[in-house]
Amino acid sequence: RLAFLLRLACARLELFGGFTLLRLGLDDARLAFLLRLACARPELFGGLFTLLLLRLDDELAFLLRLGFDRLELGGLFAFLLLRFEDDRLARDLACFGGPSTAIAGGSPDPMPGPIESAAAASGLRVSPKRATITSRDAPAILRRPAHPIIRALCITKPPGARCRPPGGGAHWDCDPGELRPFLAFRRIIGRRPPRWAAGAIRIYNSSPMRAAVLTTQGQPVAANVELREWHDVEPGPGEVRVRTEASALNHLDLWVGRGVPGADLEFPRISGSDGCGIVDAVGEEVDAAWEGQRVVLNAAVMADAPPRPGVTPTSGVPAVIGEHSHGTMAARFLAPVRNVLAIGDADPVAAAAFALSHLTAWRMLVTRARLRAGQSVLIPGIGGGVALALLGIARHFGCHIIVTSRSPEKLARAQELGAHAGVLDAGEDFSREVRRLTGRRGVDVCADSVGKAIHGSCLRALARGGTFVTCGCTTGPDATTDLARIFWNQLSVLGSTMGDMAEFRAVTSLFSSGALSPVIDSCHTPDAAPAAYARLESGEHFGKVVIDWRSGAS
Ligand SMILES: NC(=O)c1ccc[n+]([C@@H]2O[C@H](COP(=O)([O-])OP(=O)(O)OC[C@H]3O[C@@H](n4cnc5c(N)ncnc54)[C@H](OP(=O)(O)O)[C@@H]3O)[C@@H](O)[C@H]2O)c1
């Protein structure tokens, strides 16, 4: 049956819906084999998540269903749930909250020896409280054949053992849109979820807050934005909770509202990938010194990839806060502590407006295109947040900058901000004008986020040996390219997505020193969130659209 299932998973990943659920009564040897296989060939298991269900009881079945319903509760890679020895189950399960959670181990008390000795043998640190090992460490452990940790995790909860909620009482005060796990539990088990599970379902166990909620998928997105009460959230291990001072919109908020192709997003949900605010709670394993700090978010939760000398970081971005999990368009948001930077007394509106667009632009120009002072740079669609960040960085490098826009007013404003020339994009080939402006040579770098509508013009505007770098395709992904031009003119075509914390630190230091600053189109109160989305959706904006949560925030 296992062989059949694995073959089926290989042949028809979609049957497994992004997950593979193997419900098998395996002995240790088979389990070890399966774990090694999951590590070596995750694609056989049909997606990011591998769930191995082993000798489950009803409560664990419920929690696994929860993992299905709410991806952000799950881990990134392998997510092993095994029965636990005692009533610490609920606390152990609370560690699903972070994107790095991979293995929730049993209570350390009954089985301290095997887990700790396995961890010591692997050079790992095991939390004395929870015996939890994060995904960064999981492959290393699981690659070892029949490693003792595997056996250490195969423990069973004695029949009749009771589980208590971690941290006391909980109430079941559900938003209708958040009822799915609850209903799933009822469907499976035929009764209410046990109270102890509330600790694992953090979203239910809290007081309400205000959030700009995308009520349903559709276009125009602004029509589906409502300021609503939403259940507050508690930080999981490795996370901070931020009281939002300001959050900024990106085009990504519109993609989320329209429904990102390939991502099965559930609504209602909270978008928002730019945020700045004060840390008001920290999860386990986070230094309490973070509390009270003003932080700015890097929404890209990167896959861990060991850095290699001289190699551009290209690790994937498996999770984006605001896309794969609830985002910053709320009075509070959660983030892994490693995704925030303390920014002292910086203006929160400016910090929120700065972060994602400048991080993206930095990776495009500095990391990927290896921009040098004096080069010429073409930036299409200059009214956009990323385009204006590109303008600031190119100006900082002392480049010669040409911008395009569909609007003469935006061209004039960009020139006030340091662009050397503007070319009106009237829906026709603008490369001739760019070539005229560069003495027929063309530009060294074209940094584009507009996509299909102007792709041909961008390629034709490049000098021999020039670089086209893209981070987005607002007008569509299916552009017609010109391979002959690419090889004959020896062009480089590069992709770029967001950036890691080293890049975030580098670009944010220029914000802190005043060398770079965001262009802000408009700043709205939370009540005007629909208008903010509408402003971005209109395409009339010039720079970032921000929501200031300090105005009457709950
Ligand atoms: N990969 C990543 O890490 C990453 C990160 C951030 C953004 N992105 C992507 O990059 C793109 C831009 O993001 P953003 O937040 O800067 O968006 P934005 O603020 O909405 O800007 C989009 C700009 O594109 C231009 N534009 C729109 N429709 C156009 C058309 N039909 N023809 C020519 N130009 C057009 C407009 O400039 P004018 O009005 O001046 O013509 C507009 O201001 C989005 O697709 C986004 O998803 C990717």
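Keep in mind it's a predicted model, so treat the numbers as computed, not measured. (Residues numbered from 1 in each chain as written. Predicted model: local features only at pLDDT ≥ 70, side-chain atom pairs only at ≥ 80, totals over all residues. Heavy atoms only, no water.)

**Some remarks on the overall build of the protein chain**
So the rule is basically this: Only runs of H or I of at least four residues qualify as helices and only runs of E of at least two qualify as strands under DSSP, and these elements are numbered from the N terminus. Only protein chains enter the accessibility calculation, which uses a 1.4 Å probe; a residue whose area is less than 20% of its type maximum is buried, one above 50% is exposed, and one in between is partly exposed. The contact rule is simple, with two residues in contact once any of their heavy atoms fall within 4.5 Å.
Counting its secondary structure elements, the protein chain contains 17 helices and 22 strands. By residue count, 57% of the 554 residues in the protein chain fall in the buried class. Counted over contacts in the protein chain with a minimum sequence separation of 6, partners at least 24 positions apart contribute 71%.

**Quick word on the site of the ligand**
Short version of the rule: When we say a residue is near a molecule or strand, we mean one of its heavy atoms is within 4 Å of it. Identification of polar contacts relies on pairs of N or O atoms within 3.5 Å, with a donor-acceptor requirement for protein atoms, meaning one able to donate a hydrogen and the other able to accept it, and with residues adjacent in sequence counted only if both atoms are side-chain atoms. Accessible surface is estimated by sampling points in the Shrake-Rupley manner with a 1.4 Å probe; for residues, cover comes only from the protein chains shown. Classification convention: Asp, Glu, Lys, Arg as charged; Ala, Val, Leu, Ile, Met, Phe, Trp, Tyr, Cys, Pro as nonpolar; all other residues, Gly among them, as polar. Here the bounds of each domain stem from an automatic or database domain assignment.
Neighbouring the ligand are 27 residues; H251, W255, S405, K410 and C471 lie closest to it. Separating an oxygen atom of the ligand from a side-chain N or O atom of S405 is a distance of 2.7 Å. In the environment of the ligand, an oxygen atom lies 2.9 Å from a nitrogen or oxygen atom belonging to the side chain of T474. Protein burial of the ligand: of its 910 Å² of free accessible surface, 88% is covered by the chains. Elements represented by at least two residues in the shell around the ligand include exactly α9 (251–258) and α11 (385–396). Here the residues of the shell around the ligand sort into eight nonpolar, 16 polar and three charged. In terms of domain composition, the shell around the ligand takes at least three residues from each of domain 2 (209–302 + 316–345 + 519–548) and domain 3 (358–495).

**Description of the pairing of strand β6 (residues 208–214)**
The test is simple: A pair of strands is treated as paired once DSSP finds two or more bridges between them.
Across the seven residues that make up β6, a large majority, six, are buried. Bridge count for β6 against strand β7 (residues 225–231) is seven bridges, and the pairing is antiparallel. Looking at the pairing, P208 lines up with H231 of β7.

**What about the side chain of S457?**
Summarising the element assignment, S457 is placed in helix α14 (residues 455–460). Once you skip the residues sitting within four places of it in the chain, S457 turns out to touch E428, D429, F430 and S431.

**Regarding helix α10 (residues 348–368)**
Worth spelling out the cut-off: Multiplying 1.5 Å by the residue count of a helix minus one yields the expected span of that helix. One fitted axis covers the seven residues ending at a residue, a second covers the seven starting there, and the bend at that residue is the angle between these axes.
Across its 21 residues, α10 extends 29 Å between first and last C-alpha, which sits within 8% of the 30 Å expected from 1.5 Å per residue. At A355, α10 is bent by approximately 35°, the largest bend along its length. The element α10 is largely enclosed, with a buried count of 19 among its 21 residues. By the N-cap criterion, in which a side-chain oxygen at the helix start approaches the backbone nitrogen of a residue two or three places on, α10 is capped by D347, the distance to V349 being 3.2 Å. Just past α10, the residue R370 takes up positive phi, approximately 50°.

**Some thoughts on helix α16 (residues 501–512)**
With twelve residues, α16 should reach 16 Å at 1.5 Å per residue; the first-to-last C-alpha distance of 16 Å fits that figure. All of the buried residues in α16 are M501, E503, F504, V507, T508, L510 and F511. As for α16, its buried residues are in contact with β10 (294–297), β14 (340–342), α10 and α11. Where α16 begins, one side-chain oxygen reaches toward the backbone nitrogen of A502, 3.1 Å away; that side chain belongs to D500.

**Here's the deal with the environment of V213**
Relative to the assigned elements, V213 resides in strand β6. Of the residues examined, V213 reaches a relative accessible area of 0% and is grouped as buried. Residues V213 and P530, 317 residues apart in the sequence, show an inter-C-alpha distance of 9.6 Å. Setting aside residues no more than four positions away along its own chain, V213 makes contact with N224, V225, E226, R228, W230, P268, R269 and I270.

**As for the nonpolar core**
Under the convention used in this document: Nine residue types can take part in a nonpolar core, namely buried Ala, Val, Leu, Ile, Met, Phe, Trp, Tyr and Cys, and a core is a set of them joined through side-chain atoms within 4.5 Å.
Ranked by size, the top nonpolar core spans 51 residues in total, and within it L365, I379 and I382 carry the most contacts. Counting residues per element, the ones that place at least two in this core are β8 (239–248), α10, β15 (376–379), α11, β16 (400–405), α12 (408–416), β18 (443–448) and α16. When residues in this core are grouped by element, the largest group, twelve residues, is from α10. Two domains share this core, each providing at least three of its residues, namely domain 2 (209–302 + 316–345 + 519–548) and domain 3 (358–495). Setting aside residues no more than four positions away along its own chain, I382 makes contact with A387, L388, L391, V403, T404, S405, K410, A414 and F542. Counting residues in each nonpolar core, the second largest holds 47 residues, with V225, A299, V320 and A330 among its members.

**Brief notes about the sheet that holds β18**
Applied cut-off: Note on definitions: angles span 0 to 180 degrees between N-to-C directions of axes, and those axes are lines fitted to C-alpha atoms, for helices only across the stretch in contact.
Spatially, β17-β16-β15-β18-β19-β20 is the arrangement adopted by the six strands of the open sheet, whose pairing is parallel. Every interior strand has two partners, whereas the edge strands, β17 (421–424) and β20 (492–495), have only one. Strand-to-strand, the axes of this sheet are offset by a mean angle of 20°, without reference to chain direction. Bridge count for β18 against strand β19 (residues 462–470) is five bridges, and the pairing is parallel. Bridge assignment links D448 to a residue of β19, and that residue is T470. Against the sheet, α10 touches β15, β18, β19 and β20, its axis set at about 150° to β18. Against the sheet, α11 contacts β15, β16 and β18, and its axis sits at roughly 170° relative to β15.

**Things to note about the confidence of the model for the protein chain**
Operational definition: For every residue, the predictor states its confidence as a pLDDT score lying anywhere from 0 to 100.
On average, residues of the protein chain score 72 in pLDDT, and 59% of them are at 70 or above. Confidence over residues 13–28 falls short of pLDDT 50; this stretch has 45 contacts with residues more than four positions distant or in other chains. Across residues 42–206, confidence stays below pLDDT 50; counting only partners more than four residues off in sequence or on other chains, it has 333 contacts.

**What about unusual backbone geometry?**
Cis geometry is adopted by the peptide bond preceding P220, which originates at Q219 and carries an omega value of 0°. Residue placement: P220 occurs in the loop between β6 and β7. One non-glycine residue, M498, adopts positive backbone phi at about 40°. Along the chain, M498 falls in the loop between β20 and α16. For M498, a relative accessible area of 9% gives the class buried.

**Things to note about the packing of α9 against helix α17 (residues 529–538)**
The condition is simple: These descriptions rest on fixed angle ranges, namely under 35 degrees for roughly parallel, over 145 for roughly antiparallel, 65 to 115 for roughly perpendicular, and the rest for oblique.
Where α9 contacts α17, the two axes come as close as 10 Å, and the packing angle between them is 100°. The angle between α9 and α17 falls in the class roughly perpendicular. Judged by residue contacts, H251, D253, L254 and R258 of α9 engage Y533, L536 and E537 from α17. A per-class count over the contact of α9 with α17 returns three nonpolar, one polar and three charged.

**Observations concerning the packing of α10 against α16**
In a pair of packed helices, the angle between the axes and the distance between the axes together describe the arrangement. Selection criterion: In a left-handed crossing the near helix is turned counterclockwise from the far helix by less than a right angle, and in a right-handed crossing that turn is clockwise.
Viewed as axis vectors pointing N to C, α10 and α16 meet at an angle of 120°, and their least axial separation amounts to 9 Å. When the axes of α10 and α16 are compared, the pair comes out oblique. For the pair α10 and α16, the sense of crossing is right-handed. For the pair α10 and α16, contact is made by A350, A351, F354, A355, H358, L359, W362, R363 and T367 and by E503, F504, A506, V507, T508, L510 and F511, respectively. A breakdown of the residues in the contact of α10 with α16 according to their chemical character gives eleven nonpolar, three polar and two charged.

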